[in-house]
Amino acid sequence: MRVLILGGDGYLGWPTAMAFSAKGHEVRVIDNYLRRRLCRERDVEGLYETPNLLERVRRWKAISGKSITPHIGDCCDYPFLSRIFEQFEPEAVIHYAEQPSAPFSMLDHGAADLTITNNLRSTLNLAWAVHAFVPQCHIIKLGTMGEYGTPNIDIEEGWLDIDHNGRRDRFLYPRQAGSLYHTTKIQDTDLLWFYVRTWKLAVTDLMQGPVYGLSTTETDLDDELKTNFNYDEIFGTVLNRFVVQAVAGYPLTVYGKGGQTRGYLNIRDTLACVELALLTPAAPGELRVFNQFVETFSVNELADRVSRVGKARGHAVTVENLANPRVEAEEHYYNPVHTGLRELGLKPHLLTDEVLSQMFEVVERHAGQIDKHKIFRGYRW
Ligand code: USQ
């Protein structure tokens, strides 16, 4: 298939591009290096440097013999985006081109403005470009489990049937996010749902939990094909951070009581889920929603696992409960349904001690490059 990946230089975008290229799809990627720029500006670059997108694509060609076509530019620039749609006529588009950090979106007015502008405009432009040039194209949108928040009832897979005064209808499951970033993802969903109803677009919304890991079949082929790996307070996700902290001898930064529970998945499962969505597309006029995670953990449970594996590898791991810089429930009910992707055939990679140990191995190789100053600065909501 002809697959266009928006945000193809990112933590998930680059491994996705290689995985689809390896499977024989014709892949183009778009990126404007926003994430690299924001990391540089905030002094929170990743654990190691990665080649830029053009170098990555050349390296991929040398290793695999396969081509990925890169476009450096901004999905918020409609003429730029629509030109690519017109020329390439993608059959599927994967939308990762968003400012992905909840803490970043809460830093200051400029960061809030950038998040809302970038995320909503890129999604709006995508809907328009599909409608104008390839109305049958399947949009696969990375959403987030954080759109639902932590309600005191079971979380359904996207939709909720409501009986009211003797009548029944189906609605998007109520959403109540805990950061401006997560709120923009709700707004994205609403935008796409509107255009699904109005223009009959075909959309899959993947409500993804926090991702961990730094290794996929393709990233493991060559050092220059590695994905970005952030461990800082703004762009690093919690489990990736804990492994780096354990290696650096920095007390694991559990925020508040540590009862915050989320649905987690290995980066390999992200690729598998996106591929399953690609191969079994939504129908025209359908907004299909999957809850994309494989197991739930509290922050305390993650800290326990990282401590156990870290100690077994000879690290002196300690844990510190910090005053929570975020506004969030620290003890709560959490029971989300996640059967849709399993029914499509997902075979989950679970968080075993062996998987954690493999993460440790990679991080240990870069132990000398860990900058403790990046780990916690106490940016508050
Ligand atoms: N946390 C800690 N200590 C840390 C970092 C985080 O206790 O050092 C806690 C947070 O307070 C939160 C939980 O761990 O309760 C998860 O935090 P996170 O930073 O790993 O994830 P989050 O900010 O929610 O965002 C990440 C991705 C985002 C994605 C989201 C999925 O950055 O792009 O949408 O995970 S979800 O969390 O399901 O909304």
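Okay, so let's go over this structure. (Residues numbered from 1 in each chain as written. Predicted model: local features only at pLDDT ≥ 70, side-chain atom pairs only at ≥ 80, totals over all residues. Heavy atoms only, no water.)

### Topic: the side chain of Ser179
Along the chain, the position of Ser179 falls in the loop between β7 (167-172) and α7 (180-199). Take Ser179: its relative accessible area is 5%, and that puts it in the buried class. A polar contact of 3.3 Å, which involves the side chain of Ser179, links it to the backbone nitrogen of Tyr181. The contacts of Ser179, once residues within four sequence positions are left out, are Ala102, Ser105, Met106 and Trp381. (Helix = DSSP H or I, 4+ residues; strand = E, 2+ residues; numbered from the N terminus. Buried < 20%, exposed > 50% of the residue type's maximum accessible area, 1.4 Å probe, protein only. Polar contact = N/O pair within 3.5 Å; in protein donor to acceptor, adjacent residues only side chain to side chain. Contact = heavy atoms within 4.5 Å.)

### Comments concerning the site of the ligand
If you check the shell around the ligand, you find 21 residues, and the closest are Pro100, Thr144, Tyr181, Thr253 and Glu328. A distance of 2.6 Å is found between a nitrogen atom of the ligand and a backbone nitrogen or oxygen belonging to Thr253. One nitrogen or oxygen atom from the side chain of Arg326 is found 2.8 Å from an oxygen atom belonging to the ligand. Relative to its free-state accessible area of 730 Å², the ligand is covered by the protein chains to the extent of 93%. Broken down by secondary-structure element, the contributors of at least two residues to the shell around the ligand are α7, α8 (238-248) and β10 (252-255). Among the elements that make up the shell around the ligand, the one with the highest residue count is β10 (three residues). Its residues assigned to classes, the shell around the ligand shows nine nonpolar, eight polar and four charged. (Near = heavy atom within 4 Å. Areas by Shrake-Rupley, 256 points an atom, 1.4 Å probe, with all protein chains shown as cover. Nonpolar A, V, L, I, M, F, W, Y, C, P; charged D, E, K, R; others polar.)

### What to know about the nonpolar core
With 34 residues, the main nonpolar core has Leu6, Phe85 and Val93 as its most contacted residues. The set of elements that each furnish at least two residues to this core consists of β1 (2-6), α4 (78-88), α6 (109-133), α7, β8 (202-208) and β12 (287-292). The element best represented in this core is α4, accounting for five residues. Aside from chain neighbours lying at most four places away, what touches Phe85 is Leu4, Pro90, Val93, Leu126, Ala129, Val130, Phe133 and Val134. Membership of the second largest hydrophobic core comes to 33 residues, among which are Tyr11, Leu12, Val27 and Ile267. (Core = buried A, V, L, I, M, F, W, Y, C linked by side-chain atoms within 4.5 Å.)

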